[in-house]
Amino acid sequence: MPDTITQLREAVRDVPDFPMPGILFKDITPILANGALFKRSIDLFLDACSGKGIEKVVGIDARGFLFGSAVAYQLGVGFVPVRKKGKLPYRTDSSAYKLEYGEATVEMHVDAIEPGEKVVLIDDLLATGGTSAAAVKLIRKMGGELVEAQFLIELEFLAGGANLQGVPFRSFLKY
Ligand code: AMP
């Protein structure tokens, strides 16, 4: 039986030219749809969080919510969404960034993180690191102690980790 990483890798579906020509989109929905694989993917994040005293999980819109909220539930800590501009109802801080495809702004509620709270940042995929770097800025602005950034998938050839402003990061499936 193939190991967990191999099984997860085999489940990721490559979709060429989505959402625009030239982008090879890594579709994680086959992992979500498979109960055993979804559980194993969450367990990878949980193992990586173990012993770090994490007090809050920050997940990035939208697939970071799927992994991040399951991790927060299992850790018994709060979950904070970083959302695309205009989605959060209360007062927000915002941070603009460049994406592998296009430009965008992300926002977080101003009271989402307490100063000194130990935070893990979670998303499905690290590409250029622009999105995560914007989230890092928001977390630090609020005084959160960013312990680690974690990604199910990393597109290593884009070297996004270099944009994370020194935040330790890890990924489980590397391409
Ligand atoms: P980046 O800011 O370049 O690191 O892009 C990361 C964000 O865009 C993550 O939220 C990903 O879900 C999404 N993303 C970027 N590139 C891809 C890709 N090739 N396949 C799937 N998602 C991607």
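Each chain has its residues counted from 1, running along the sequence as written. Two thresholds apply to this predicted model, a pLDDT of at least 70 for residue-level local features and 80 or more for giving and counting side-chain atom pairs, whereas whole-chain, interface and lining totals are computed over all residues. Note: side-chain values were computed over all heavy atoms of the structure, leaving out hydrogens and water.

Caption draft 1: Summary view of the confidence of the model for the protein chain. Summary of the metric used: pLDDT quantifies the predictor's per-residue confidence within the range 0 to 100. Summarising the model, the protein chain shows a mean pLDDT of 97, and 99% of its residues fall at 70 or more. Here a helix means four or more residues in a row that DSSP labels H or I, a strand means two or more in a row labelled E, and each is numbered from the N terminus. Ranking the elements of the protein chain by mean pLDDT puts strand 5 (residues 92–98) last, at 94, and strand 3 (residues 56–60) first, at 99.

Caption draft 2: Here's a closer look at the nonpolar core. Note on terminology: a nonpolar core comprises buried Ala, Val, Leu, Ile, Met, Phe, Trp, Tyr and Cys residues joined through side-chain atoms within 4.5 Å. Exposure categories follow from relative accessible area, calculated using a 1.4 Å probe and restricted to protein chains: below 20% of the type maximum is buried, above 50% is exposed, and the middle band is partly exposed. Within the largest apolar cluster, 27 residues are counted, with the highest numbers of intra-cluster contacts made by Ile31, Phe45, Phe67, Val71, Ile122, Leu152 and Ile153. Listed by contribution, the elements that provide at least two residues to this core are helix 1 (4–11), helix 3 (35–49), helix 4 (63–75), strand 7 (118–126), strand 8 (145–154) and strand 9 (169–174). Broken down by element, the residue count for this core peaks at 7 residues, all from helix 3. Residue contacts follow a heavy-atom distance rule, with two residues in contact if any of their heavy atoms lie within 4.5 Å. Among all residues touching Phe45, those that are not within four sequence positions of it are Phe67, Val71, Ile122, Asp123, Gln150, Phe151, Leu152 and Phe172. With 23 residues, the next largest nonpolar core counts Val106, Leu138, Ile139 and Ala149 among its residues.

Caption draft 3: Inspection of the packing of aromatic side chains at higher detail. Only Phe, Tyr and Trp rings are paired, with Trp represented by its six-membered ring, and only when their centres lie within 6.5 Å; those with planes under 30 degrees apart are stacked, over 60 edge-to-face, the remainder tilted. All told, the structure shown has 5 aromatic pairs when counted by the stated rule. Members of the aromatic cluster, connected to one another through ring pairs, are Phe38, Phe45, Phe67 and Phe172. When the NZ atom of lysine or the CZ atom of arginine is within 6 Å of a ring's centre and also within 35 degrees of its normal, the charge is said to sit over that ring. The residue whose ring lies beneath Arg9 is Tyr175, and the NZ or CZ to ring-centre distance is 4.3 Å.

Caption draft 4: Quick peek at the packing of helix 3 against helix 4. Two elements in contact, helix 3 and helix 4, have axes whose closest approach is 10 Å; the angle formed by their N-to-C orientations is 60 degrees. By the angle class used here, helix 3 and helix 4 are oblique. In the packing of helix 3 onto helix 4, the handedness of the crossing is right-handed. Between helix 3 and helix 4, the contacting residues are Phe38, Ser41, Ile42, Phe45, Leu46 and Cys49 on the first element and Leu66, Phe67, Ala70, Val71, Gln74 and Leu75 on the second. Residue composition of the contact of helix 3 with helix 4, grouped by class: 10 nonpolar, 2 polar and no charged. Under this scheme, a helix contributes an axis fitted over its contacting stretch, all axes are lines through C-alpha atoms, and angles between N-to-C directions fall in the 0 to 180 degree range. The cut-offs work like this: below 35 degrees is roughly parallel, past 145 is roughly antiparallel, 65 to 115 is roughly perpendicular, and the gaps in between are oblique. Crossing chirality is assigned from the near helix's rotation relative to the far helix, an anticlockwise turn below a right angle marking it left-handed and a clockwise turn marking it right-handed. When residue character is reported, Ala, Val, Leu, Ile, Met, Phe, Trp, Tyr, Cys and Pro are called nonpolar, Asp, Glu, Lys and Arg charged, and the others, Gly included, polar.

Caption draft 5: Examining the pattern of salt bridges more closely. By salt bridge we mean one thing: a side-chain nitrogen of Lys or Arg within 4 Å of a carboxyl oxygen of Asp or Glu. A full pass over the atoms with the stated rule returns 9 salt bridges. Here Arg63 and Asp124 are joined by a salt bridge, their closest N and O atoms 2.6 Å apart. Of this pair, Arg63 sits in helix 4 while Asp124 sits in strand 7, placing them 61 residues apart in sequence. What makes Asp124 buried here is its relative accessible area of 3%. Residue Lys141 is joined to Asp93 by a salt bridge in which the shortest nitrogen-to-oxygen separation is 3.2 Å. Separated by 48 residues along the polypeptide, Lys141 in helix 5 (residues 130–141) and Asp93 in strand 5 bring together distant segments of the chain. Take Lys141: its relative accessible area is 58%, and that puts it in the exposed class. Under the relative-accessibility criterion, Asp93 is labelled buried at 17%.

Caption draft 6: Seen up close, the side chain of Glu154. Among the structural elements, Glu154 can be located in strand 8. Residues in contact with Glu154, not counting those within four places in the same chain, are Leu126, Phe169, Ser171, Leu173, Lys174 and Tyr175.

Caption draft 7: Molecular detail of the packing of helix 1 against helix 3. Contact pair helix 1 / helix 3: the axes reach a minimum separation of 10 Å and the direction vectors enclose 120 degrees. Put simply, helix 1 runs oblique to helix 3. Note that helix 1 runs across helix 3; the crossing there is left-handed. Across the interface between the two elements, Thr4, Ile5, Gln7, Leu8 and Ala11 from helix 1 touch Leu37, Arg40, Ser41 and Leu44 from helix 3. In the contact of helix 1 with helix 3, the residues fall into 5 nonpolar, 3 polar and 1 charged.

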